[in-house]
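Fold and geometry: a report
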Amino acid sequence: MTDPVPPKRVFSPAREEAEVASHATSSPQTEHPAYRLAFQDLEFLLREDLRPVRFQLELLKPELVFDEANIASTFVFYGSARIPEPSKADALIEAAATDHQRGIAERLKAKSKYYDEARKLARLASRVEPDTDGNRQFVVCSGGGPSIMEAANRGAADEGQDSIGLNIVLPHEQLPNPYVTPSLSLQFHYFALRKMHFLLRARAVAVFPGGFGTFDECFELLTLIQTGKMKPLPIILFGRDFWNRVVSFDGLVEEGTIAPNDLDLFHIVETAEEAWDYLCEHYAGTDHDLDCVK
């Protein structure tokens, strides 16, 4: 006689119940929205007072996706959605209708080299082997859009590796770039939760020239570390000329609004190789030792 084996569950799975509910016999009662299962009732889920539930769902879904994909850590790439791929930079200049537009196009062309640097850096990150437990480390993660974001996902694809794209719903549709791994392409309604998922698994962040969005993401990260809400991690800014022109970091120190040692929170580089060497040095001798994979 063998010991009885108890069943794994005694209630029907929600998926089963949802299928049964979707085939209910039509009647005034079953056709009314009140009769819908709460988790199948879109009008109910989109109510203003359900916002806390939507927050929870938008926090939870990516967590489950990344856990199931064995993603333990990420290398996050921030940067402009407007910097062209080098091969397409001349087309911007040719399309310029005024001297002002031409000047902007020429400056964007000058920054197109960072598309290639982002792609190279993503390739280096994508060569990091999973740890002994099979967990993937330094998985490339971008905002999922064009330009620098595309370059990051493209670099991972060059190495035959997965990469993450965290897109956001905007008034003018922004489709994920074609290099994002489909199963790791996520869309957000809430900017706050998107930014949270950028950093929950981040173990390094590369910040390329960009605009309001890039500044928002970069300075929030610096603030989190400056205030001790987040442990320090490598923050690598690309483009000395750009950053020195658009932000006077030394001026902030001179004005007394940041401390001199706050300048140690980030490191400015020009190339992917510089960035990778800095990252290898930072993690040497730790659990994230990269053995300077190249």
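Predicted model only: the values in this text are computed from it and were never measured.

Some points on the overall build of the protein
Scanning the protein from terminus to terminus reveals 13 helices and seven strands. For the protein, the spread of C-alpha atoms along the three principal axes comes to 70 × 60 × 45 Å. For the protein, buried positions account for 39% of its 294 residues. If you take every contact in the protein between residues at least 6 apart in sequence, the share linking residues at least 24 apart comes to 69%. Just so you have it, the protein exposes about 17500 Å², and 54% of that area is on carbon and sulfur atoms. The distance from the centre of the 30 positive side-chain charges to the centre of the 45 negative ones in the protein is 3 Å.

Details of the nonpolar core
Where a protein is soluble and globular, its nonpolar side chains tend to be buried together. Among the nonpolar cores identified, the biggest contains 65 residues, and F75 and F77 are the most heavily contacted of them. With seven residues, helix α7 (residues 113–125) is the largest single contributor of residues to this core. Setting aside residues no more than four positions away along its own chain, F75 makes contact with L121, A125, F138, V139, V140, C141, A204, V205, A206, W276 and L279.

Some words on the sheet that holds strand β3 (residues 164–168)
Pairing within the open sheet is parallel, and its seven strands lie in the order β4-β3-β2-β1-β5-β6-β7. Only two strands of the sheet have a single neighbouring strand rather than two, namely β4 (185–188) and β7 (267–269). Ignoring strand direction, the axes of neighbouring strands in this sheet form an average angle of 25°. Two strands pair when backbone bridges link them, and strand β1 (residues 74–78) and strand β2 (residues 139–142) are joined in this way by three bridges, in the parallel orientation. Across the sheet, residue V76 finds its bridge partner in β2, namely C141. The sheet strands contacting α7 are β1, β2, β5 (202–207) and β6 (235–238), and the helix crosses β1 at an angle near 175°. The strands touched by helix α10 (residues 212–226) within the sheet are β1, β5 and β6, with β6 carrying the most contacts at an inclination of about 150°.

Considerations on the packing of α7 against helix α13 (residues 272–283)
At a closest axis distance of 8 Å, the pairing of α7 and α13 adopts a crossing angle of 35°. In this structure, α7 meets α13 at a crossing whose hand is right-handed. Here E117, K120, L121, L124 and A125 of α7 come into contact with α13, specifically with A272, E273, A275 and W276. Per-class residue counts for the contact of α7 with α13 are six nonpolar, no polar and three charged.

Side note on the packing of aromatic side chains
Using the criterion set out here, one finds eleven aromatic pairs in the structure. Centroid distance F138 to Y283: 5.7 Å. Interplanar angle 70°. Geometry classified as edge-to-face. Within this pair, whereas F138 is found in the loop between α7 and β2, its partner Y283 is found in helix α13, the two being separated by 145 residues in sequence. Using a relative accessible area of 2% as the deciding quantity, one classes F138 as buried. Here the aromatic rings of F249 and F266 are separated by 4.6 Å at their centres, their planes lie at 40°, and the arrangement is tilted. Taken together, the residues F249 in helix α12 (residues 249–254) and F266 in the loop between α12 and β7 connect sequence positions 17 residues apart. Using a relative accessible area of 8% as the deciding quantity, one classes F249 as buried. Taking the relative accessible area as the measure of exposure, F266 reaches 12% and is therefore buried.

Structural notes on helix α6 (residues 99–111)
With 13 residues, α6 extends 19 Å between its outermost C-alpha atoms, agreeing within 8% with the 18 Å of an ideal straight helix rising 1.5 Å per residue. Residues of α6 that are buried: G103, A105, L108 and K111. Buried residues belonging to α6 abut α5 (89–95), α7 and α11 (240–246).

Some details on the pairing of β1
Across the five residues that make up β1, a large majority, five, are buried. Alternating positions in β1 separate into two faces, T74, V76 and Y78 on one and F75 and F77 on the other, with burial throughout. Pairing analysis gives five bridges linking β1 to β5, with the strands arranged parallel. In the sheet register, F75 faces β5, and the bridge partner there is A204.

What counts, and where the lines are drawn
- Residues numbered from 1 in each chain as written.
- Predicted model: local features only at pLDDT ≥ 70, side-chain atom pairs only at ≥ 80, totals over all residues.
- Heavy atoms only, no water.
- Helix = DSSP H or I, 4+ residues; strand = E, 2+ residues; numbered from the N terminus.
- Buried < 20%, exposed > 50% of the residue type's maximum accessible area, 1.4 Å probe, protein only.
- Contact = heavy atoms within 4.5 Å.
- Areas by Shrake-Rupley, 256 points an atom, 1.4 Å probe, with all protein chains shown as cover.
- Lys, Arg positive; Asp, Glu negative; His and termini not counted.
- Charge placed at Lys NZ, Arg CZ, Asp CG, Glu CD.
- Core = buried A, V, L, I, M, F, W, Y, C linked by side-chain atoms within 4.5 Å.
- Pairing = 2+ DSSP bridges.
- Axes fitted to C-alpha atoms, helices over the stretch in contact; angles between N-to-C directions.
- Left-handed = near helix turned anticlockwise from the far one by under 90°.
- Nonpolar A, V, L, I, M, F, W, Y, C, P; charged D, E, K, R; others polar.
- Phe/Tyr/Trp six-rings, centres within 6.5 Å; stacked < 30°, edge-to-face > 60°.
- Expected span 1.5 Å × (residues − 1).

So far we have only geometry, and geometry alone does not tell us how the molecule works.
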